[in-house]
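Architecture and fold: a report
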Amino acid sequence: MDFKSAVLGKYNARIYKNRKDHILEVKEGLVQKIDANTRAVPGLMTNRGCCYAGCKGVVVGPLKDTCVITHGPIGCGFYSWGTRRNKARPDADGNNFIQYCFSTDMQEPDIVFGGEKKLKKAIDEVMAIFKPKRIMICSTCPVGLIGDDIHAVASQAEKDYGITCVAFSCEGYKGVSQSAGHHIANNGLMKKIIGTDDGGLLGPRSINLLGEYNIGGDGWETERLLKKIGYHVVAVFTGDGSAADIARSHRADLNLVQCHRSINYVAEMMKTAFGVNWLKVNFIGLSSIAKSLRDMATFFGDPEIIERTEAVIDEEVKAVTPEMAAYKSRLQGKTAAIFVGGSRSHHYQDLLRDFGVKTVLAGYEFGHRDDYEGREVIPDIKEDADSKNIENLTVSPDRRYRAFLSPERYLELKEAIGLEEYAGLIRAMADGGWVVDDLNHFETEEMIRLLKPDLFFSGIKDKFVAQKAGVVCRQLHSYDYSGPYAGYRGAANFGRDLTMGLYAPAWRLVTPPWREVESA
């Protein structure tokens, strides 16, 4: 019995109908469709986060020059401080606000009588203590239910203090997962931040790095590579990023999209409004890094940069080859399952291949069909009622629109390097692998029992499910206090951590539950 049959056979008819199209076995050469971005089944222990988590916890939270206030009960402040390891160095003014937790701490009287006055007071306190140039407000579930007008409060703060104040109506119940929060955050950045600063000089070959959140220092390692070759990084969205840099990001020559799901809206809107082309990249895994760097060099078409790119790739590979080989000798032939968000379920398969590890199952917490099947399916995706709750921001060409490429060159690059395309997860999977959308607690246990992966990659919510089954689990949302894993040096770090985890003697002391049942 295969994995799908074994899992679905335990469900009743209603849940079977809901889940059957969220699980597929990859068949090489076939065009396959999967259900995604639909409401989770009530009662199943999904690992998804909420809309607020996607907006505050992922996209706007890492901005170091911005005070981000959570308007809601303090419990929602879990995503306000200390959860994702978004590292940041102080900006030019010495500010680094991500080390603080800003919350209005709504109590029962605020829920009954309204919390706008408390939000206004919180803004006054933030301005008195920290004097930021920008404040962002992220609302949680009770705010939407009682009707606090956070946008009016934000507008008043701008008048009172002469700052930029952006409100995000990202109540947790909106949409079906944190993906809705990404979309709302992208819309807010486009409306209020991007394109608001035309000053300053940009260097040649200027780029933005989108969907890089600097977990464990990933962004720093990626920037090191890019600058070493000769690129000018204008802004990072949003790891170690600042709203001040994002304000002038519209002037860059190219957007690099690392995490497709969380930031593709901004990439598309900047293309329409300002003419900034975007390229899907992956700086996780040696072959992927090399391909991304070569695609960038091809985009700019500068012989000097093309030559420099090859020199840097050669130098970086040689530096980590002995260490990579040592780890590969101990990891070769192992199997892995990956269930995370963003593009990581896709990206990390490339890095695992570098160590001879085969991915037997992969999936997303909050992916859409295009994350699995590729961007060409977007016109065929039917929006459900939940998705329609999120504004699709319509933009038009700005007066500062600038086409970096001629129409002929654009078509040439689209064919050569997949400019503004994303092939999706399914194409990255080996024949016979399993793809599961919105993997839940029960399915995780069954998957481990049936597929018996040697390694499991996920987040904190399901980490211990795997470990209790005697399987090594590495968090790809926070790296378990390690990292970076991006870039060439990061690849070696990743191999080191996998080897230490896999060969730790502790796993000999763990007896998976099914072994006890089978031996009874």
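One structure accompanies this document, and this report is about it. Keep in mind that this is a model prediction, so the values were computed, not measured.

Along the chain, the regular secondary structure elements total 20 helices and 14 strands. By the compact-globule yardstick of 24 Å for 520 residues, the chain fits well, its C-alpha radius of gyration being 23 Å. Taken over the C-alpha atoms alone, the chain extends approximately 70 × 65 × 45 Å along its principal axes. Taken over 520 residues, the chain has a buried fraction of 58%. Counting contacts in the chain only where the partners sit at least 6 residues apart, residues at least 24 apart contribute 77% of the total. Put simply, the chain shows about 21500 Å² of open surface, and 53% of that area lies on carbon and sulfur atoms. Averaging the locations of the 66 positively and 68 negatively charged side chains of the chain gives two centres separated by 2 Å.

Taken together, Ile111, Val112, Phe113, Leu145, Ile146 and Tyr173 make up a surface patch of nonpolar side chains, about 650 Å² in accessible area. Counting only elements with at least two residues in the nonpolar patch, the list comes to α4 (108-113) and α6 (141-146). Tallying contributions element by element places α4 first for the nonpolar patch, with three residues. Among the structural elements, Tyr173 can be located in the loop between β5 (164-168) and α8 (179-192). You can call Tyr173 partly exposed: its relative accessible area is 41%.

Turning to the sheet that holds strand β6 (residues 206-212), a few remarks are in order. Read across the sheet, four strands follow the order β7-β6-β8-β9 without closing on themselves; strand pairing throughout is parallel. Looking at which strands have only one partner, the edges of the open sheet turn out to be β7 (232-238) and β9 (277-280). Sheet twist, expressed as the mean angle between neighbouring strand axes with direction ignored, is 25 degrees. Against the sheet, helix α9 (residues 218-229) contacts β6, β7 and β8 (254-257), and its axis sits at roughly 160 degrees relative to β6.

In spatial order, the strands read β3-β2-β4-β5; together these four strands make up an open sheet with parallel pairing. Strand pairing shows two members of the sheet lacking a second neighbour, β3 (102-103) and β5, which therefore form its edges. Its contacts with the sheet place α8 against β4 (134-139) and β5, and it is angled at close to 155 degrees to β5.

Here the focus is the nonpolar core. Among the nonpolar cores identified, the biggest contains 96 residues, and Val60, Phe237, Leu256 and Phe494 are the most heavily contacted of them. Counting residues in each nonpolar core, the second largest holds 21 residues, with Ile23, Phe339, Val436 and Met447 among its members.

Scanning the model with the defined rule gives 16 aromatic pairs in all. Here the aromatic rings of Phe102 and Phe130 are separated by 5.3 Å at their centres, their planes lie at 85 degrees, and the arrangement is edge-to-face. Of this pair, Phe102 sits in strand β3 while Phe130 is found in the loop between α5 (116-129) and β4, placing the two residues 28 residues apart along the sequence. Both rings, one in Tyr348 and one in Phe494, keep their centres 5.4 Å apart while their planes meet at 50 degrees; by these two values the pair is tilted. Within this pair, whereas Tyr348 is found in helix α14 (residues 344-354), its partner Phe494 is found in helix α19 (residues 487-502), the two being separated by 146 residues in sequence.

Looking now at the packing of α9 against α19. Two elements in contact, α9 and α19, have axes whose closest approach is 8 Å; the angle formed by their N-to-C orientations is 140 degrees. Residues Glu221, Arg224 and Leu225 of α9 form the contact with α19, whose participating residues are Gly487, Tyr488 and Arg489. Among the residues forming the contact of α9 with α19, the class breakdown is two nonpolar, one polar and three charged.

Of the two faces of strand β13 (residues 455-458), both are covered, the one formed by Leu455 and Phe457 as well as the one formed by Phe456 and Ser458. With three bridges joining them, strand β10 (residues 335-340) and β13 adopt parallel strand pairing. Opposite Ile338, over in β13, you have Phe457 as the bridge partner. Pairing analysis gives four bridges linking β13 to strand β14 (residues 472-475), with the strands arranged parallel. Each residue of the ladder has a partner; that of Phe456, found in β14, is Cys473. Handedness of the β13-helix α18 (residues 460-468)-β14 crossover: right-handed.

The next point concerns the environment of Gly432. Structurally, Gly432 can be placed in the loop between α16 (407-417) and β12 (434-436). Separated by 13 residues in sequence, Gly432 and Glu445 have C-alpha atoms that sit 20 Å apart. Setting aside residues up to four positions removed in sequence, Gly432 forms contacts with Glu25 and Val26.

Next up on the list: helix α11 (residues 260-274). In an α-helix there are 3.6 residues to a turn, and that puts residues three or four apart on one side. Taking 1.5 Å per residue, 15 residues should reach 21 Å; α11 reaches 19 Å between its end C-alpha atoms and fits that length. Among the 15 residues that make up α11, 13 are buried, leaving the element largely enclosed by the rest of the structure. In the stretch just after α11, Gly275 is the one whose phi turns positive, near 80 degrees.

Counted residue by residue, β10 has six buried out of six residues, so it is predominantly covered. A two-sided burial pattern is seen for β10, the buried positions comprising Thr335, Ala337 and Phe339 on one face and Ala336, Ile338 and Val340 on the other. As defined by bridge partners, β10 adjoins strand β11 (residues 358-364) across six bridges and the pair is classed as parallel. In the sheet register, Ala336 faces β11, and the bridge partner there is Thr359.

Quick look at the pattern of salt bridges now. Counting across every chain of the model gives 41 salt bridges. With its nearest N and O atoms 2.7 Å apart, the salt bridge here joins Asp295 to Lys291. A residue pair is termed a helical-turn pair when its members lie 3 or 4 positions apart in one helix, as Asp295 and Lys291 do in helix α12 (residues 286-300) at four residues. Its relative accessible area of 10% is what places Asp295 among the buried residues.

Buried residues dominate α14, accounting for 10 of its 11 residues. Listing the buried residues of α14 in full gives Arg344, Ser345, His346, His347, Tyr348, Gln349, Asp350, Leu351, Leu352 and Asp354.

Rules behind the numbers
- Residues numbered from 1 in each chain as written.
- Predicted model: local features only at pLDDT ≥ 70, side-chain atom pairs only at ≥ 80, totals over all residues.
- Heavy atoms only, no water.
- Helix = DSSP H or I, 4+ residues; strand = E, 2+ residues; numbered from the N terminus.
- Rg over C-alpha atoms; globule rule 2.2 N^0.38 Å.
- Buried < 20%, exposed > 50% of the residue type's maximum accessible area, 1.4 Å probe, protein only.
- Contact = heavy atoms within 4.5 Å.
- Areas by Shrake-Rupley, 256 points an atom, 1.4 Å probe, with all protein chains shown as cover.
- Lys, Arg positive; Asp, Glu negative; His and termini not counted.
- Charge placed at Lys NZ, Arg CZ, Asp CG, Glu CD.
- Patch = residues over 30% accessible without salt bridge, like charges linked within 9 Å, V, L, I, M, F, W, Y side chains within 5 Å.
- Salt bridge = Lys/Arg side-chain N within 4 Å of Asp/Glu carboxyl O.
- Pairing = 2+ DSSP bridges.
- Axes fitted to C-alpha atoms, helices over the stretch in contact; angles between N-to-C directions.
- Core = buried A, V, L, I, M, F, W, Y, C linked by side-chain atoms within 4.5 Å.
- Phe/Tyr/Trp six-rings, centres within 6.5 Å; stacked < 30°, edge-to-face > 60°.
- Nonpolar A, V, L, I, M, F, W, Y, C, P; charged D, E, K, R; others polar.
- Right-handed = clockwise from strand over helix to strand, strands pointing away.
- Expected span 1.5 Å × (residues − 1).

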